[in-house]
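# Coordinates in review
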Amino acid sequence: MPATTDIVRLIVNGDRHEVGVPTHFTLLETLRYVIGLTGSKQGCDKGDCGACTVIVDGEPTLSCLMPVWEAEGRQVTTVEGLATAAGPHALQDCFDLNGAAQCGFCTPGILCSAAVLLTRNPSPSREEIQEALSGNLCRCTGYSKIYDAVEAAGRRLLDAAEAP
Amino acid sequence: MSVKPPNSKSDLRLIGTNQRKIEGLAKSTGRAVYTDDLTFPGMLHGKILRSPHPHARVRAIDVSRAAALDGVHGIVTGQDMPTTYGIIPWTPDEYPLCVDRVRYIGDGVAAVAAVDEDTALRALKLIEVDYEELPAFLDPFDAASADGSTPYIHEPHKAGWNGNVTKMVHLEFGDVDGLLDGSDVVVEGEYFFEGTTHAPIEPHCAIGHWDGSSKLTVWSSTQVPHYLHRELSRVLKIEQAQVRVLQPLVGGAFGGKSEPFDLEFCVAKLAMMTGRPVKILYTREEVFYAHRGRHPFHMKYRTGATSDGKLTSVDAKILLDGGAYASFGLVTTYYSGQLLCAPYTMPAYRFDSKRVYTNKPACGPKRGHGSVQPRFAFEVQIDKLSEKVGLDPFEFRRRNFIGEHTRTVNELRITSNGFMECLEAVERASGWQEKFRKMPFGRGVGVAGSTYICGTNYPIYPNDMPQSGVQMQIDRSGRVAVFSGASEIGQGCDSVVAYIAAEELGVPLDWVRVMRGDTDFTPVDLGAYSSRVTFMLGNAAIDAAVKLRKMVQEAVGKSWEVRPNEVLLAGGWAMWAPDTSKQMPIREAFNLAEAEFGTLGSTGSYNTPKDVHGEYRGGTIGASPAYSFTAHVAEVEVDVEAGIVDVKKIWVAHDCGRALNPILVEGQMEGSAYMGFGEALMEQHVFKDADHGRAGLLDAPSLLDYRIPTSLDTPELESLIVESIDPEGPYGAKEAGEGPLHPSIPAIANAIYDAIGIRMDRLPFSPPNVWRGIKAARSRGSLVKPSRPGAP
Ligand code: FES
Ligand code: FES
């Protein structure tokens, strides 16, 4: 017997979506397998790794733990929504520049956590970065280059804000 | 950004500078495609039914109720693929799905393809398997001493042998016993290395597609597409030419995806049965069952030295707990001894290694395959010896340095060797002289060194073909296309071939396209394992690029009426070296070459030296075209009330030959040190025993319970690149992906000793284990800062 499906209305990266999903789907499953935004990754599907982190109403959120219904009517931003027509987000460019993404599988989730951090505090200390990323496991980098990238992006955002 | 490492003396332009990775922005914007990101019209979802018993006979499987479920399109069991496979051609002992015996909790017995995962899961519950439970071997010592009164895990190779033994290796070089007897000091130690797993953040995933008549396509998160290609053909009984393996980007592997797994055979077979694409994505729990992680090693070492600190003789006895299948175990058993003979010289060496099967998920290669465990034991032995002879552990290591362009006692050929520079770098950066034995009780520093291979001279299956190949095309647009079969698992090999193409052909980096990950149009590369890729693929890429460069130089030289070797290609231009104001855009240069030679393409390949190895059975294993070297210093603070070890910082110096892109090399060094740190302090692959649940059940198959370090756990890491410029490496490069892991663990163990005077000879250095050590030391009255070397 196939699962019951229903219609859910989502706002993802500013776009409105109205999609039919099985009622037990999470936000992550809906993003990846229904809407086709595969940037958000699934590393564990149970809230342990942070690869699925997206931003919901300004908060970093584990999309594998959020029933899709809970996202209805809220602003969802995924890694795909961080870039604009003008180019990649400072974080995205700095991750590339600083070698902060090796396999890249943790990267979308880390970028979402870091983006929220920098919105609140563009010049975080190392400890504050560590704290903000403590729910995002990275198995490749040892985190050092990720910290470098977040700091560089914060500086760039500050410079841009201060530019006349 | 273009920064050369401060010690670089090269005239290379792009090689040796920090560069972006070619897929870096795709990864940071969410565009990068991994296997599970793919879907196909009509695609079915597969699930695998797994054994609840550690050891049992499969008497019968009834799939009729599952097959009748609406939405189920296909079911396979072991009987549908009754051919054994194995990554090592001499030890094929696995079926894609178990045929008549299950050997660990989690072994696959049947697979279902259905319209969605929910339906497939429901179908699994309807499959009835009739098991006859057998006594299980969970302890390697029990497995080793089995007498056949209960069934062995595998059939013995010969009647009367113990079927639980995968491999035994006994090798002896020099007069081990005589030199030990004559040693001024001998240290004996017993060590235990707990098993650990890779835990890449991407779970394994595969998709099968059958075109309905003759062609099978499999997408997989594998790190060895070539071996997968071969095994699919063998097991499914279709020609290799009918099989195509595609490898999307891989979300981490570390050795955990370096052989075929049940899911790849199942998606292929199910696609052939149903005529529809089939995807299987492992759950995180299944990733833990698939395992192939680091073997638990029980090790005994006797190490001798003269009173002035020269190693005399080393004697090792090792039991490897292999889990249910052979995997790479034959090689692991050799590596457990073969890779210990540098960076120190030792006149005599013997090792006696035995790998046994147990009814647990199979162990295999994890970053630093087979040599991380003995390195832990040996570097702690050296620390103990240094203390006995009254030498600073740095000095002890220096006195035993093996040198460069030499042979080890087991006849491995060492070429370039920057180990002394590594020692010097970490000694200086860590402030060792001010810290060792001088910090207050509870704080300490430790040092360790190591070596690792840059690939192996002999491929996994014997053949004389190249180990790595690259194809390159340039065309009149200025674009360079590189066809590479190498496995991008995050280490940057796709970028490395692009850097090489840009360096040799003088085009901007973003004019290079790397076509990758498809056995249909890329030359063979054997895979991302044993730290072989940069060395071998890099040499193949240089070979291909230089052939094209020569054609362009010749065409331009002819047009300018100058000698071809005076034509420089760099930065998007062709220039005349004696007077670089004479120049033309590189695109025009390519046009001249195309007019002169026709359509422009070349192939390049690399094969290893086949005449450099020891003349004894096993002498080819561990033979590598070059060796990397590493030294670490770790600084720790130990809370003696709680048994908590806080690693403050790890300094890593690594001789990578030449850093083709320093930022990528540092990334490998930091990632390695991080991973070793996790194994030292946090990670534990624990199984339940009968007193605590179901015996043989993996205790913690999740990323919450299997504790890999978070950002808050990970110490500060400082990487110090050392370049020894290897004569055979591409531009002098060696490896950086695995070597830098090795010293993490012993450096931390030695630092704990410096801090509080207790020896941690068993992993992990978790609070309960450390606290037990503290308690024992307290009762002995030896919980004190050790005295300085040479102090009375
Ligand atoms: S996939 Fe959501 S936390 Fe791991
Ligand atoms: S880059 Fe691979 S997990 Fe973080």
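Residues numbered from 1 in each chain as written. Chains lettered and ligands numbered in written order. Predicted model: local features only at pLDDT ≥ 70, side-chain atom pairs only at ≥ 80, totals over all residues. Heavy atoms only, no water.

### Points about empty space enclosed by the protein
Residue and element names in this part refer to chain B. Counted under the stated rule, the structure contains eight cavities of 30 Å³ or more. In this model, the largest cavity occupies a volume close to 140 Å³. Around the largest cavity, the lining is made up of 16 residues, and of these Glu-94, Tyr-104, Asp-107, Asp-262 and Arg-292 lie nearest the centre. Looking at the lining of the largest cavity, its residues break down into nine nonpolar, one polar and six charged. (1 Å grid on protein atoms, 1.4 Å probe; cavity = no way out; pocket = protein on both sides within 12 Å on 5 of 7 lines; lining within 4 Å. Points joined across faces, edges and corners; volume = space filled by probe spheres on them. Nonpolar A, V, L, I, M, F, W, Y, C, P; charged D, E, K, R; others polar.)

### Description of unusual backbone geometry
Residue and element names in this part refer to chain B. Cis rather than trans, the peptide bond between Ala-342 and Pro-343 has omega equal to 5°. Secondary-structure assignment places Pro-343 in the loop between α9 (329–338) and β15 (348–356). The step from Leu-763 to Pro-764 runs through a cis peptide bond, and the omega angle for that step is -10°. Tracing the backbone shows Pro-764 in the loop between α18 (744–756) and α19 (767–780). Even without a glycine there, the phi angle at Phe-254 is positive, about 60°. Along the polypeptide, Phe-254 turns up in the loop between β11 (243–246) and α7 (262–274). Phi is positive for Glu-561, close to 60°, though the residue is something other than glycine. (Helix = DSSP H or I, 4+ residues; strand = E, 2+ residues; numbered from the N terminus.)

### Here's the deal with the sheet that holds strand β2 (residues 56–62) of chain B
The pairing of strands in a sheet comes from backbone hydrogen bonds and takes either a parallel or an antiparallel form. All names here are of chain B. With antiparallel pairing, three strands are arranged side by side in an open sheet as β4-β2-β6. Each edge of the open sheet carries a strand with a single partner, namely β4 (101–102) and β6 (128–133). Bridging between β2 and β6 involves six bridges; their strand directions are antiparallel. Counterpart to Ala-56 in the pairing with β6 is Glu-133. (Pairing = 2+ DSSP bridges.)

### A closer look at the domain arrangement of chain A
Many authors give the size of an interface as the accessible area that is lost as the parts come together. Residue and element names in this part refer to chain A. With domains assigned, chain A is organised as domain 1 (5–78) and domain 2 (90–162). Using only C-alpha atoms to locate each centre, domain 1 and domain 2 end up separated by 22 Å. Taken together, the contact between domain 1 and domain 2 spans 17 residues of the former and 11 residues of the latter. Counting the surface lost from both domain 1 and domain 2, the interface buries some 960 Å², and carbon and sulfur atoms represent 63% of this. Measuring nitrogen to oxygen at the nearest pair gives 2.8 Å for the salt bridge that ties Glu-59 to Arg-120. (Domains from an automatic or database assignment. Contact = heavy atoms within 4.5 Å. Buried area = accessible area lost by both parts, 1.4 Å probe. Salt bridge = Lys/Arg side-chain N within 4 Å of Asp/Glu carboxyl O.)

### Remarks on the environment of Val497(B)
Residue and element names in this part refer to chain B. Topologically, Val-497 is positioned in helix α14 (residues 493–505). What makes Val-497 buried here is its relative accessible area of 0%. The spatial distance from the C-alpha of Val-497 to the C-alpha of Val-686 is 41 Å, given a sequence separation of 189 residues. When residues no more than four places from it in sequence are discounted, the contact partners of Val-497 are Val-470, Val-482, Ser-484, Val-514, Leu-537 and Ala-541. (Buried < 20%, exposed > 50% of the residue type's maximum accessible area, 1.4 Å probe, protein only.)

### What to know about the interface of chain A and chain B
Every contact between the two is made by 47 residues of chain A and, on the other side, 53 residues of chain B. A combined buried area of about 4,100 Å² lies between chain A and chain B, and 53% of that area is made up of carbon and sulfur atoms. It is Asp96(A), Gln102(A) and Arg139(A) that lose the most area in chain A upon contact with chain B, and together they represent 20% of the buried surface on that side. On inspection of chain A and its partner chain B, the count reaches eight salt bridges. Summed over the shared surface of chain A and chain B, the result is 28 residue pairs in polar contact (both at pLDDT 80 or more). Of all elements in the fold, only α1 (27–35), α2 (90–97), α3 (107–120), α4 (126–132) and α5 (144–162) of chain A reach the threshold of two or more residues within the side of chain A that touches chain B. Here the side of chain A that touches chain B gets five residues from one element, more than from any other, and that element is α2(A). (Polar contact = N/O pair within 3.5 Å; in protein donor to acceptor, adjacent residues only side chain to side chain.)

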